[in-house]
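A structural walkthrough
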Amino acid sequence: MWRFIGTRVAMGALTIWVTTMLVTLLIHAVPGDPVQIMYAQSQGTTPEQIEQVRRSLGLDRSIPVQYLMYLERLFQGDLGNTIRGGQPVLEVIMQRLPNTLVLAVASMFIAIVIGVPIGFLAAYREGTIVDIGLMVLAIAGISMPHFWLGLMLLFFFALELGWLPVSGNGPMNLILPALTLGLSNAAIFARLTRSSMIDVMNQDFVQTAFAKGLPKAIVLRRHVLRAGLLPVVTMMGLQFAFMMGGAIVVENIFSWNGVGRMAVEAIFQRDYPIIQGFILTFSVVVVVVAIAVDALYAVLDPRIRRA
Amino acid sequence: MIMNRLALKQTAAALGAVFALAGPATAEDIVWARYGDIDSLDPHRATSTLSLQVWSLMYDTLLAMDAEGNPVPHFAKSWTANDAGTEYTFNLEGGVMCHDGTPLDANDVKYTIDAAFDETTPSLTKGSWGPITAAEVIDPLTIKLTLESPFVAMIPFLADSFSSIICDTNGEGFGTTTAIGSGPWKLVSWTKGDRLVFEKNADYTNFGKLADNPGAPYEDGLIITVVPEPQARYAALTTGEVHIAEPPFDDVPAIKDSGELDIIVAENTGQNVFWEFAVHRPPFNDVRARLAVAHATDAATAISLIYGDLSIPENCPISRGVFGNDQDFCAQYRPAYDPEKSKELLAELGYSMDKPLETALLVWTGGNRQKLGEVFQAQLAEVGIKATIEIMDIGSLNARVRQENENTEGTTGSMDMMTWSWYDPDILYALWHTPGAYRGYTSPELDAILDETRVLTDPDARKAKVQEAMKYLLENAIHVPLYTPGWEWVFAVRPEVEGFKVAPFVYPIFSDIKIGG
């Protein structure tokens, strides 16, 4: 078990290391001089100032030296300062990362609480009108773009009914963005749970359990559910990363002050230190979640932890 | 069920109380929603309109702008200059206080200018202050600025928020978490990416800023919040969460018809939207190709189609409200809409409807500019110019335009609908004096004219020189003006808000606002 987790952590560290290299190269991958672009519409900025910014970003050094400088600063917890405003990047990201994580966790909770039971019910009633109805609903959920669903929820709950606020960052403000992200992901979980459960229900050990005369509820809970949830757990890890990415659109609609919106603004403003910091932070979060999911997977499936 | 609802309401109320700080504003607060946030509270660390608008509320400036955009006394009640235009002495108002209770005087002005010219961290707009070599405190209410050479654009600059006076008691955290100014609104907090909270400066005296209110703002608080999505801003306006915001463009006619919100359009924004061309390669290295585009463009029809009466055509390379702008003068030289003339010029260059002039047409995203681009594309097609629209964010556009100017190979043209704003004709220097903001068109002749626009102290002589520069740019179709204003100039205002107005260069004024009359 520990060996398994150790391997995963080592692979995660490798992923992050590769990300640090890509992040350093990023600033050079964009056509044109990045510093000139940043100040293209700043009337009154002198060439000496532009040179100074280039030096402060280390852009006057060779790429390997830049990378080492970046690593050195990184180990000191320094992600640099934002170009616009000069604030420490780490501080700017840490102000907003909790908001995005709260949104992702809340959405995941909604997705699981709604998606898994629906999938389970559809599998249990496979081929019936209930199954077909639920799956049509799920397909509709998957097909709905976030921005459309978000705006519809906003108009209905905030504008028509006036139950919830339109924008902001309080707990009441969390409900609509979390529902938007959660509902479309619930549809994905519902479909996945259904197919996985059907697969398990047709397996010999389940048939044997039924043949032994065990009550249906016990067979479903002890045998089907545990085995059938394995692919769902895997999907949870992937979907969490997806939600962090998908949150960008939702954050924009509901003015949720998360890192996704910050990244989009930084891209428009060519604020490279923020973009670099965001990619790195994002990769760390995704790696940590992936390791956690792998560990959970190992707990659920003895075959994996023994492998 | 009733019990459940009750419980839900109670829980929500409890949560609301716990998170009251993040919740909606109190009844006395004015709430203004914008699409984005400021970059910094320090006026030396940013250049965006979003930042400028906020600084104008927190800080004072030596001078202010009147409704026509002319500099008038403010914290400086008068000023004198020597004949050479290299020494300016400002006499300051007494009794003005910073938000921390310390007096605002000449030492704060010197502190601000020294910070702008700091060797390690100069202001981003250092060049716009002019060649200031010394700021000398004569006495607490008199300051003298010495310039290396005359720079007439300094006076309007001192009326703009870029020159906001920073109190010398600002220290650790200034710009990122704290800011002490002397303006009508006092900073309470800034949550980056979310909101700025202000309370009124009860001791404020307005000497010259464009507000009817001579003293402190009428309302107690002001919240400037970030709502990026236009439909969400509209929804927040409708529910009353927000009092003032830029509405979605396509909904403006419906809003006007319904009368549920007032629509206020800013005037004299200084914004100029124009054609410019990649001039270092064919086809636009030939003035006839540039003129062909200019003659094929019917800006008035296109703008009316897309913006209705919200925006107007502009004849000058500097927009209304900026010194030197003269519509009649510019109309004489701006290539008029004349498709036949355009076809003749294209024929001279060997192009026809069967063999069209091909060009990329670069457009900045947002504000319905992509739709406007399509109308222009259709107009160009009518004379035999095949323009391929490419839509991109402003950062990419800036990069791309410069790249296109640096590319001298090939025969496919590149032109773009560029957007700039500045309070003084010195903008033309930034754009078209060697080396040029985008490394585009430059010439020794134009350089000489633009050099003079910076040093002529006599307003009439300077105006004549500015007009000479505009004539040159228009006749050579280097800078083909299309319309003004071009972005963030429409405000939807809730009916209970009285007294909201927008000063020149898109500075909203909140001191006159009374909510609910």
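Only a predicted model underlies this, so the values are computations on that prediction, with no experimental measurement involved.

Next up on the list: the sheet that holds strand S12 (residues 262-265) of chain B. Residue and element names in this part refer to chain B. The strand order across the open sheet formed by seven strands is S8-S9-S10-S1-S11-S19-S12, and the pairing between neighbours is mixed. In the strand order of this sheet, the two ends are held by strand S8 (185-191) and S12, each with one partner. Two elements, strand S9 (residues 195-200) and strand S10 (residues 221-226), share five bridges in a ladder whose sense is antiparallel. From the neighbouring strand, Arg-195 faces S10, where its bridge partner is Thr-225.

Residue and element names in this part refer to chain B. Here we have six strands laid out as an open sheet, ordered S14-S18-S13-S17-S15-S16, and mixed in their pairing. For this open sheet the edge positions go to strand S14 (312-313) and strand S16 (385-392), each flanked by a neighbour on one side alone. Note that strand S15 (residues 357-364) and strand S17 (residues 413-421) share five bridges and pair parallel. Residue pairing across strands places Ala-360 opposite Ser-414, the latter belonging to S17. Contacting S15, S16 and S17, helix H13 (residues 394-406) crosses the sheet at an angle of about 145° to S15.

Another aspect to go through is the domain arrangement of chain A. Residue and element names in this part refer to chain A. On domain assignment, one finds that chain A holds domain 1 (2-89) and domain 2 (94-306). Here domain 1 and domain 2 have C-alpha centroids that lie 33 Å from each other. Across the contact, 22 residues belong to domain 1 and 21 residues belong to domain 2. Mapped by element, the contributors of at least two residues to the side of domain 1 that touches domain 2 are helix H1 (2-29) and helix H2 (34-38). By residue number, the principal contributor to the side of domain 1 that touches domain 2 is H1, which donates 12 residues. For the side of domain 1 that touches domain 2, the residue count by class is 13 nonpolar, seven polar and two charged.

Residue and element names in this part refer to chain A. Two elements in contact, helix H5 (residues 89-124) and helix H6 (residues 129-143), have axes whose closest approach is 8 Å; the angle formed by their N-to-C orientations is 145°. Remark: the crossing between H5 and H6 carries left-handed chirality. Facing Ile-118, Leu-121 and Ala-122 of H5, the residues of H6 in contact are Val-130, Asp-131, Leu-134 and Met-135. Class assignment of the residues belonging to the contact of H5 with H6 gives a composition of six nonpolar, no polar and one charged.

The next point concerns the UniProt feature "domain: Solute-binding protein family" (unreviewed entry) in chain B. UniProt's entry tags residues 70-424 of chain B with the feature "domain: Solute-binding protein family" (unreviewed entry), counted in the numbering of this structure. Taken end to end, residues 70-424 of chain B is 28% helix and 25% strand, and its first and last C-alpha atoms sit 10 Å apart.

All names here are of chain A. In this structure's numbering, the residues bearing the UniProt feature "transmembrane region" (unreviewed entry) are residues 9-30, 101-124, 136-159, 174-192, 229-254 and 274-300. The distance separating the terminal C-alpha atoms of residues 174-192 is 26 Å; by composition the span is 100% helix and 0% strand. Between the C-alpha atoms that bound residues 274-300 there is a distance of 38 Å. The span itself is 100% helix and 0% strand.

For an interface, size is often stated in terms of accessible area lost upon the parts coming together. With 46 residues of chain B at the contact, the number on the chain A side is 44 residues. Of all the elements in the fold, those that place two or more residues in the side of chain B that touches chain A are helix H1 (2-18), helix H4 (126-129), helix H6 (230-239), H13 and helix H14 (426-432) of chain B. Among the elements that take part in the side of chain B that touches chain A, H6 of chain B stands out by supplying six residues, more than any other. For the side of chain B that touches chain A, a count of residues per class yields 20 nonpolar, 17 polar and nine charged.

A few words on helix H7 (residues 146-160) of chain A. Along its 15 residues, H7 of chain A runs 20 Å from first to last C-alpha, staying within 8% of the 21 Å computed at 1.5 Å per residue. In the stretch just after H7 of chain A, Gly-162 of chain A is the one whose phi turns positive, near 70°.

This paragraph deals with the nonpolar core. With 209 residues, the main nonpolar core has Phe-278 of chain A together with Ala-236, Ala-245, Trp-275, Ala-292 and Ala-469 of chain B as its most contacted residues. With 14 residues, helix H8 (residues 171-201) of chain A is the largest single contributor of residues to this core. Leaving out residues up to four positions away in the same chain, Phe-278 of chain A has contacts with Ile-93, Val-259, Met-262, Ala-263 and Ala-266 of chain A.

Residues and elements named next belong to chain B. Mean pLDDT over chain B stands at 90; residues scoring 70 or higher make up 94%. Looking across chain B, the model is least confident in H1, with a mean pLDDT of 40, and most confident in helix H8 (residues 287-296), with 97. Counted against residues more than four places away or in other chains, residues 1-25, with its pLDDT under 50, gives 15 contacts.

So, on to the domain arrangement of chain B. Residue and element names in this part refer to chain B. Domain annotation for chain B reports domain 1 (5-35 + 184-265 + 489-515), domain 2 (63-163) and domain 3 (271-484). The interface of domain 2 with domain 3 comprises 11 residues on the first partner and 11 residues on the second. Residue composition of the side of domain 2 that touches domain 3, grouped by class: six nonpolar, three polar and two charged.

Conventions adopted
Residues numbered from 1 in each chain as written. Chains lettered and ligands numbered in written order. Predicted model: local features only at pLDDT ≥ 70, side-chain atom pairs only at ≥ 80, totals over all residues. Pairing = 2+ DSSP bridges. Helix = DSSP H or I, 4+ residues; strand = E, 2+ residues; numbered from the N terminus. Contact = placed C-beta atoms within 7 Å. Axes fitted to C-alpha atoms, helices over the stretch in contact; angles between N-to-C directions. Domains from an automatic or database assignment. Nonpolar A, V, L, I, M, F, W, Y, C, P; charged D, E, K, R; others polar. Left-handed = near helix turned anticlockwise from the far one by under 90°. UniProt positions renumbered as here; feature names shortened; annotations may be inferred. Expected span 1.5 Å × (residues − 1). Core = buried A, V, L, I, M, F, W, Y, C linked by C-beta atoms within 7 Å. Buried ≥ 20, exposed ≤ 12 C-beta atoms within 10 Å, placed from the backbone. pLDDT = per-residue confidence, 0-100.

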